Amino acid sequence: MKSRLLIILCCILSAAGCDQSTSGTTSGDPDTKPKLVLQLNWKAEPQFGGFYAALVHGEYTKHHLEIDVKEGGAGVPTIDMLAAGTVKFAVVSGDEIILARARGKKIVGLFAVYQTHPQGIMTRTNRGFKDIGDVFKAEGTLAMEQGLPYSDFLKDKYGFEKVKIVPSPFGDLSLFRADENYSMQCFVTSEPLAAKKLGLDVQTFLIADSGYNPYATVLATTDEYVKENRPAVRAMLTAVRAGWDRYLTDPAATNAAMGKINQTMDAQTFIDSADAQQVLIATTDTATAGVGSMTKKRWQTLAEQMVALKVIESAPPAAECFVDPATLSGN
């Protein structure tokens, strides 16, 4: 009986030790590496290049972190995973953070990869459209998710009276290839490249050009985690920024590493996608403030737009939606 109680006690103590090692809390020992998961919301592709570059080039290890970068996919609920504490870091979108905070989930942005949102609309060049508004002035079909903030914004601004809205094919180009009057939502770093490989002459219009431009591919965590683990958050930000600086300068080694994980994307597409996203990540603002930087003004504008669209009833304070790195000094 005593031996059985001793075994149970040892198991409890062992479990407690495991919980502590994965909590993300750093000790005074610089060799302590908290084991943390960074959950992505899609597959290993160039939009996450800097996060993988930090792994490939040892930036996480350099800053005493042990990071497991996990691929995502369609429907992976990264916001909910953060809110539930399942993971400590995850990639989300800016409007997801606004919506989460409006619903009482204290998610906070740390680093915004895309300063210009990569969501766009892809059409055939021979339709002669000059701007995104033309897509909604001409008869035809537009494959797009409805009920999302950006689609609500487009409907409110341009109207959907002429164009027929159908569900998004999520990257499947079969209908786009068959029907010249078929347009579709896309990431400008993805579907247009695939269409061109098929020999299709396409043009893309950024939804950001319509006036709706939330930060995208945002590294996020929770208010609670920031409060209780400032050294780990500071180290994560430093490592991620270094990773993105490396990837934007020379993505070759990281592309090769991601290619082993995501074997559905060929080497040339990795190169082309990394090149296409450069202008969306490195802007005049990041030249001054640094890659991944965010501003209160941008968050305020987004929150006000979401209120106007009736996505949320009231706007959460913009300053609470993101972390200013300058506030992370100290323990």
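The structure presented is a predicted model; accordingly, all values stated were derived computationally and were not measured. (Residues numbered from 1 in each chain as written. Predicted model: local features only at pLDDT ≥ 70, side-chain atom pairs only at ≥ 80, totals over all residues. Heavy atoms only, no water.)

> What should I look at first to understand the nonpolar core in this one?
Soluble globular proteins tend to pack their nonpolar side chains together in the buried interior. One finds Leu38, Phe51, Tyr60, Leu219, Met236 and Trp244 to be the most contacted residues of the largest nonpolar core, which totals 46 residues. Sort the elements by how many residues they give to this core and helix 11 (residues 230-249) lands first, with 10 residues. When sequence neighbours within four positions are dropped, the list of residues in contact with tryptophan 244 reads Pro46, Gln47, Phe48, Gly49, Gly50, Phe51, Phe111, Val113, Gln277, Ile281 and Val291. Core analysis: the next-biggest nonpolar cluster, separate from the first, contains 40 residues, Leu82, Ala90, Ala112 and Leu154 among them. (Core = buried A, V, L, I, M, F, W, Y, C linked by side-chain atoms within 4.5 Å. Buried < 20%, exposed > 50% of the residue type's maximum accessible area, 1.4 Å probe, protein only. Helix = DSSP H or I, 4+ residues; strand = E, 2+ residues; numbered from the N terminus. Contact = heavy atoms within 4.5 Å.)

> What is the right way to read the packing of helix 2 (residues 49-56) against helix 11 from this model?
For any two helices packed against each other, one specifies the crossing angle of their axes together with the interaxial distance. Taken N-terminus to C-terminus, the directions of helix 2 and helix 11 make an angle of 100°; their axes are 7 Å apart at the nearest point. When the axes of helix 2 and helix 11 are compared, the pair comes out roughly perpendicular. Across from Gly49, Gly50, Phe51, Ala53 and Ala54 in helix 2, the residues of helix 11 making contact are Ala239, Val240, Gly243, Trp244 and Tyr247. (Axes fitted to C-alpha atoms, helices over the stretch in contact; angles between N-to-C directions. Parallel < 35°, antiparallel > 145°, perpendicular 65-115°, else oblique.)

> Is there a simple way to explain helix 15 (residues 296-308) in this structure?
Given 3.6 residues per helical turn, the α-helix brings residues three or four places apart onto the same face. Counted at 1.5 Å a residue, the expected span for helix 15 with its 13 residues is 18 Å, and the 18 Å between its end C-alpha atoms agrees. Where helix 15 is concerned, the buried positions are Trp299, Leu302, Ala303, Gln305 and Met306. What you see down the axis of helix 15 is that its buried residues fit within an arc of 160°, all on one side. Turned more than 90 degrees away from the buried face of helix 15, the exposed residues are Lys296, Lys297 and Ala308. (Expected span 1.5 Å × (residues − 1). Arc of directions from axis to C-beta.)

> When you look at the packing of aromatic side chains in this model, what are you seeing that I'm missing?
The geometry of an aromatic ring pair comes down to the distance between the two centres and the angle between the two planes. Within this structure, the stated rule accounts for 8 aromatic pairs. Here the aromatic rings of phenylalanine 89 and tyrosine 225 are separated by 5.5 Å at their centres, their planes lie at 80°, and the arrangement is edge-to-face. Of the two residues, phenylalanine 89 sits in strand 3 (residues 89-92) while tyrosine 225 sits in helix 10 (residues 223-228), which places them 136 residues apart along the sequence. Comparing phenylalanine 89 with tyrosine 225 shows no difference in burial state: the two are buried. (Phe/Tyr/Trp six-rings, centres within 6.5 Å; stacked < 30°, edge-to-face > 60°.)

> I keep staring at the sheet that holds strand 10 (residues 216-222) and nothing clicks. Help me out?
Pairing between sheet strands relies on hydrogen bonds along the backbone, with the strands arranged either parallel or antiparallel. Pairing is mixed across the open sheet formed by 5 strands, whose spatial order is 2-1-3-10-4. Sheet topology places strand 2 (66-70) and strand 4 (107-114) at the edges, where each strand pairs with a single neighbour. The mean angle between the axes of side-by-side strands here comes to 25°, regardless of whether they run parallel or antiparallel. Pairing of strand 1 (residues 35-39) with strand 2, which is carried by 5 bridges, proceeds in the parallel orientation. Bridge pairing in strand 2 places valine 37 opposite aspartate 68. Packed on one face of the sheet, helix 11 meets strand 1, strand 2, strand 3, strand 4 and strand 10 and runs near 15° to strand 4. (Pairing = 2+ DSSP bridges.)

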